[in-house]
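Examining the three-dimensional arrangement
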Amino acid sequence: AQTVTQSQPEMSVQEAETVTLSCTYDTSESNYYLFWYKQPPSRQMILVIRQEAYKQQNATENRFSVNFQKAAKSFSLKISDSQLGDTAMYFCAFMKRISGNTPLVFGKGTRLSVIA
Amino acid sequence: GAVVSQHPSRVICKSGTSVKIECRSLDFQATTMFWYRQFPKQSLMLMATSNEGSKATYEQGVEKDKFLINHASLTLSTLTVTSAHPEDSSFYICSAKGTGGSYGYTFGSGTRLTVV
């Protein structure tokens, strides 16, 4: 079974600064996807960024980028130029890349507070 | 983009009554729907997986007779909490995987259930 570990329950960052959220995972699969989801106070789950495990290049989406270390099974999220609207719970998630339907496996989350 | 409409957003019911939560995929066909439960300040816990036209698959520890899932069409899945009790109070979220080979998931906005 796959597990996802987020070791930072809470973090804070000053507005405009950079913050990195950690995520490690454990799997015996070779093909999979990794995701970061944001859950603001509205509790709507919002996809922030995704990474295909077979791609060596780290994914980036505007101010969000990941550091994907496949051998170390590490998938950290870097938020640059933090904004107040980035305040939210952030969940790291894993999905096996197989045909058919597999659910996302979530970490416990990191609560990020952006301070003005 | 793909949208999943979830209703109601909030519901309060009396102990012993049943509550139905609906998730509709508005602009895509949801072959699979995942139902999650989220306790305050915790991660999403997978309850069950439903595929259109077949019986749902429940995770270990989830009572099938209490949490009835129906996925009768490619655009509608429902979760019915039967004979609700205060311990069933929680936040319930659906997530749909569409057709067309996309590996993305779309989440509903969630339902906050309070049983009094």
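So, a few notes on the structure that sits alongside this text. (Residues numbered from 1 in each chain as written. Chains lettered and ligands numbered in written order. Predicted model: local features only at pLDDT ≥ 70, side-chain atom pairs only at ≥ 80, totals over all residues. Heavy atoms only, no water.)

1. Regarding unusual backbone geometry
Glycine aside, residues mostly have negative phi angles, and peptide bonds mostly take the trans form. Rule in force here: Secondary structure elements are taken from DSSP: a helix is a run of H or I of four residues or more, a strand is a run of E of two residues or more, and numbering for both begins at the N terminus. When a residue's accessible area, from a 1.4 Å probe over protein chains only, is under 20% of the maximum for its type it is buried; when over 50% it is exposed; and in between it is partly exposed.
Omega for the bond connecting B:His7 with B:Pro8 falls within 30 degrees of zero, at -5°, which places this linkage in the cis form. Structurally, B:Pro8 can be placed in the loop between strand 1 (4-7) and strand 2 (10-13). Even without being glycine, A:Asn62 reaches a positive phi, approximately 55°. Position of A:Asn62 relative to the elements: it lies in the loop between strand 7 (60-61) and strand 8 (64-69). Notably, A:Lys73 is not glycine yet its phi reads approximately 55°, a positive angle. Structurally, the position occupied by A:Lys73 is in the loop between strand 8 and strand 9 (74-79). Judged by its relative accessible area of 26%, A:Lys73 falls in the partly exposed class.

2. What to know about the interface of chain B and chain A
This is how the line gets drawn: Note on contacts: a residue pair qualifies if any of its non-hydrogen atoms lie within 4.5 Å across the two residues. Each of two parts loses accessible area, computed with a 1.4 Å probe, when they are put together; buried area is these two losses added. The working definition used for a salt bridge is a side-chain nitrogen of Lys or Arg within 4 Å of a carboxyl oxygen of Asp or Glu. Polar contacts, as counted here, are pairs of nitrogen or oxygen atoms within 3.5 Å of one another; within protein the pair requires one atom able to donate a hydrogen and one able to accept it, and residues that are adjacent in sequence qualify only if both atoms are side-chain atoms. Residue polarity follows a fixed list, in which Ala, Val, Leu, Ile, Met, Phe, Trp, Tyr, Cys and Pro are nonpolar, Asp, Glu, Lys and Arg are charged, and the others, Gly among them, are polar.
Between chain B and chain A, the contact holds 22 residues from the first and 20 residues from the second. Both faces combined, the contact of chain B with chain A buries some 1800 Å², and carbon together with sulfur accounts for 55% of it. At the junction of chain B with chain A, the criterion picks out 0 salt bridges. Seen at the junction of chain B and chain A, the total is 7 residue pairs in polar contact (both at pLDDT 80 or more). Those elements that provide at least two residues to the side of chain B that touches chain A are strand 4 (30-38), strand 5 (44-51), strand 9 (90-98) and strand 10 (105-107) of chain B. For the side of chain B that touches chain A, the element with the highest residue contribution is strand 4 of chain B, accounting for 5 residues. By residue class, the composition of the side of chain B that touches chain A is 10 nonpolar, 9 polar and 3 charged.

3. Details of the state of the cysteines
Residue and element names in this part refer to chain A. Rule in force here: Note that a disulfide, as used here, is simply two cysteine sulfur atoms within 2.5 Å.
Counted according to the given criterion, the structure contains 2 disulfides over all chains. Paired by a disulfide, Cys23 and Cys92 hold their sulfur atoms 2.0 Å apart. Because the sign of the S-S torsion sets the handedness, a value of about -70° for the bond joining Cys23 and Cys92 places this disulfide among the left-handed ones. Of the two residues, Cys23 sits in the loop between strand 3 (19-21) and strand 4 (24-26) while Cys92 sits in strand 10 (residues 88-96), which places them 69 residues apart along the sequence.

4. So, the sheet that holds strand 1 of chain B
All names here are of chain B. Here is the rule: The pairing criterion for strands is at least two bridges between them, as found by DSSP. Each axis is a line fitted through C-alpha atoms, and for a helix only the stretch in contact is used; angles between axes span 0 to 180 degrees, taken between their N-to-C directions.
Here 4 strands make up an open sheet; going across it, the order is 1-3-8-7 and the pairing antiparallel. What marks the edges here is a single partner per strand, and that holds for strand 1 and strand 7 (67-73). Across this sheet, the average inter-strand angle for adjacent strands is 15°, counted without regard to direction. Bridging between strand 7 and strand 8 (residues 76-81) involves 5 bridges; their strand directions are antiparallel.

5. A short note on the side chain of B:Ser43
Along the chain, B:Ser43 falls in the loop between strand 4 and strand 5. By relative accessible area, which is 14% here, B:Ser43 ends up buried. Here A:Gly107 takes part through its backbone oxygen, which lies 2.6 Å from a polar atom of the side chain of B:Ser43. Filtering out sequence-adjacent residues up to four positions away, B:Ser43 remains in contact with A:Phe91, A:Phe106, A:Gly107, A:Lys108, B:Arg37 and B:Gln38.

6. A short note on the packing of aromatic side chains
Just so we agree on the cut-off: Classification of ring pairs rests on two measures: the distance between centres of Phe, Tyr or Trp rings, Trp counted by its six-membered ring, which must be within 6.5 Å, and the angle between planes, read as stacked under 30 degrees, edge-to-face over 60 and tilted in between.
A complete count under the given rule lists 15 aromatic pairs over all chains for this structure. Relative to B:Phe107, the ring of A:Tyr37 has its centre 5.2 Å away and its plane inclined at 75°; by these criteria the two rings are edge-to-face. Here the residue A:Tyr37 occupies a position in strand 5 (residues 32-39), and B:Phe107 occupies one in strand 10, the pair thus bridging two chains. The same class applies to A:Tyr37 and to B:Phe107, which are both buried. Seen from their ring centres, B:Phe34 and B:Tyr105 are 5.5 Å apart, and the 50° between their planes marks the pair as tilted. Note that B:Phe34 is positioned in strand 4 and B:Tyr105 in strand 10, a separation of 71 residues in sequence. Considered together, B:Phe34 and B:Tyr105 belong to a single accessibility category, that of buried residues. Joined through ring pairs, the aromatic side chains of A:Tyr33, A:Phe35, A:Tyr37, A:Phe91, A:Phe106, B:Tyr36 and B:Phe107 make up one cluster.

By themselves, these are just geometric observations and shouldn't be taken as functional.
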